[in-house]
Amino acid sequence: MTSQENCNLPFNNRVQSWSKVLFFVIIGYYIVLLIGQRIYLDSLGPEINILHKIDYRLVFSFLLFPLATTLIGVWLRVKLHEWKNLILGALGSVTILMFGLLVVMDQAFVSYDYQYLHNVESVITFDFPDQGEITCMVFPEDYGANEKGFTDMRGCFVYFSDEAEIAQFVDEVHSSNLWTDSIGEENQRIIQISESNLEAMYDNFLIYNVDLQTYNQLPTTSGTYHIMFFAYREETSFLSISEYTIELVLDESQG
């Protein structure tokens, strides 16, 4: 062993020790991120799609530490021929980067404009609370139809926040003949697949045919119809809105 190598031994030993510490710090960082994400998800409630609520800038800010550890891992790879920190930092960086890019792409189809709900009021002639938050997923026109023939789809999630307004809204829903406590077997034909099992989760429903200006009725003739479907859950003050166009084909020979 040369004198130069002998002098480097204490330094290399210290670097190796710090390398082990860094390895466990990286693991701890990822564990904290996962737990924090879980807590944040739970705080927003089960119905909302969390991806639409995340700020992409916040996501990318979590990249700083993994990127730094990746660079340190490269240096450790050269200095000590160790791979573990480099691999761990690189995997975390790629994962967070991909999630951030997914959020960015997803935001192109998301709207938080509460005015949409006020516009809906004039269509169905029923008032909603003025205070709340809304998240709408608007699919592009070329998104295509699913197997039940739905196109031009928009899905909105609304949380009402003013207790007085909520209480008044619930009273009006209960006293209105526009809202029902079930979807109805026939109306399942004009409800999206994702909405077909909501009776166990929601309390009140309203189906509005914009073209025919009818409520909670299956059309009697085949055709293309603009449908608005509402489902309200009283326990969480949560309103789900689905707006779409459906190509409905009926067996009119039996009518």
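Relevant structure appears above.
Each value, and the rule that gives it
- Residues numbered from 1 in each chain as written.
- Predicted model: local features only at pLDDT ≥ 70, side-chain atom pairs only at ≥ 80, totals over all residues.
- Heavy atoms only, no water.
- Patch = residues over 30% accessible without salt bridge, like charges linked within 9 Å, V, L, I, M, F, W, Y side chains within 5 Å.
- Areas by Shrake-Rupley, 256 points an atom, 1.4 Å probe, with all protein chains shown as cover.
- Salt bridge = Lys/Arg side-chain N within 4 Å of Asp/Glu carboxyl O.
- Lys, Arg positive; Asp, Glu negative; His and termini not counted.
- Charge placed at Lys NZ, Arg CZ, Asp CG, Glu CD.
- Helix = DSSP H or I, 4+ residues; strand = E, 2+ residues; numbered from the N terminus.
- Buried < 20%, exposed > 50% of the residue type's maximum accessible area, 1.4 Å probe, protein only.
- Disulfide = S-S within 2.5 Å.

Draft legend 1. Broad picture of a negative patch on the surface. On the surface, a cluster of negative charge is contributed by D127, D130, D171 and E172. Tracing the sequence through the fold places D171 in helix 6 (residues 163-175). The exposure class of D171 is exposed, given its relative accessible area of 52%.

Draft legend 2. Quick look at the pattern of salt bridges. In the structure shown here, the tally under the stated rule is two salt bridges. The closest approach of N and O atoms between E243 and R154, which form a salt bridge, is 3.9 Å. Highlighted residues: E243 in strand 7 (residues 238-248) and R154 in strand 3 (residues 150-160), separated in sequence by 89 residues. Exposure remark for R154: the relative accessible area of 26% places this residue in the partly exposed category. Here R233 makes a salt bridge to E235, at a shortest N to O gap of 3.6 Å. R233 sits in the buried class, given a relative accessible area of 19%. Judged by relative accessible area, E235 falls into the exposed class, the value being 68%.

Draft legend 3. Local environment of unusual backbone geometry. A positive phi angle, near 50 degrees, is found at T125, a position not held by glycine. Relative to the assigned elements, T125 resides in the loop between helix 5 (115-124) and strand 2 (132-138).

Draft legend 4. Expanded view of the state of the cysteines. The final tally for this structure, using the stated rule, is one disulfide. Between C136 and C156 runs a disulfide, and the two sulfur atoms are separated by 2.1 Å. Around the S-S axis, the bridge from C136 to C156 shows a dihedral of about 110 degrees and counts as right-handed. Of this pair, C136 sits in strand 2 while C156 sits in strand 3, and the two are 20 residues apart along the sequence.

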